[in-house]
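As a plain string of letters, each chain reads:
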Amino acid sequence: MKLKDPKNPSGPVKIGKYKVWIERDLCIGAATCLAIAPRAYKLDKDAKAIFLDSCDNESIETIVDSARGCPTAAIIIEDENDKRIYPK
Ligand code: SF4
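Just so it is clear, the structure is predicted and the values come from calculations on it, not from any experiment.

Caption draft 1: A look at the site of the ligand. Lining the immediate environment of the ligand, one finds 13 residues, of which Cys27, Ala30, Ala31, Cys33 and Cys70 sit closest. When each cavity is represented as a set of grid points, the ligand is found to reside in the largest cavity. The residue makeup of the shell around the ligand, split by class, is ten nonpolar, three polar and no charged.

Caption draft 2: Molecular detail of the environment of Leu26. Mapped onto the secondary structure, Leu26 falls in the loop between strand E2 (18–22) and helix H1 (32–36). Of the residues examined, Leu26 reaches a relative accessible area of 37% and is grouped as partly exposed. Along the primary structure Leu26 and Thr72 are separated by 46 residues, whereas in three dimensions their C-alpha atoms are 6.1 Å apart. Contacts of Leu26, omitting those with residues within four sequence positions, involve Thr72, Ala73 and Ala74.

Caption draft 3: Highlighting unusual backbone geometry. A cis amide bond links Gly11 with the next residue in sequence, Pro12, at an omega value of 10°. With respect to the helices and strands, Pro12 occurs in the segment before strand E1 (13–15). That bond from Tyr86 to Pro87 is cis: its omega, -10°, falls within 30 degrees of zero. For Pro87, the position within the fold is in the segment after strand E6 (84–86). One non-glycine residue, Ala31, adopts positive backbone phi at about 70°. With respect to the element layout, Ala31 can be found in the loop between E2 and H1. Not every positive phi belongs to a glycine, and Ala47 is a case in point at roughly 60°.

About the criteria used
Residues numbered from 1 in each chain as written. Predicted model: local features only at pLDDT ≥ 70, side-chain atom pairs only at ≥ 80, totals over all residues. Heavy atoms only, no water. Near = heavy atom within 4 Å. 1 Å grid on protein atoms, 1.4 Å probe; cavity = no way out; pocket = protein on both sides within 12 Å on 5 of 7 lines; lining within 4 Å. Sits in = over half its atoms within 2 Å of the grid points. Nonpolar A, V, L, I, M, F, W, Y, C, P; charged D, E, K, R; others polar. Helix = DSSP H or I, 4+ residues; strand = E, 2+ residues; numbered from the N terminus. Buried < 20%, exposed > 50% of the residue type's maximum accessible area, 1.4 Å probe, protein only. Contact = heavy atoms within 4.5 Å.

Okay, here's the thing in structure tokens:
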């Protein structure tokens, strides 16, 4: 499966007009995000979430849902003005 940005596998990446990244220190590999948005994420060999190239096929609503579902709030989303969408 191709990664969105092999140089920055956990982001930040652009999904639509949003900037999304994984705080790797917070990610515990719970994989809730994969269950909610399977086209957006996979786990790397350290069990940290990374972005798939197909993340563009998930709606931003689904990405926000995946961030809400993350037990450690490790998925950060900002809009094009660097305004924090999640977590607030
Ligand atoms: S749900 Fe959160 S902790 Fe679990 S893999 Fe995804 S980013 Fe990491």
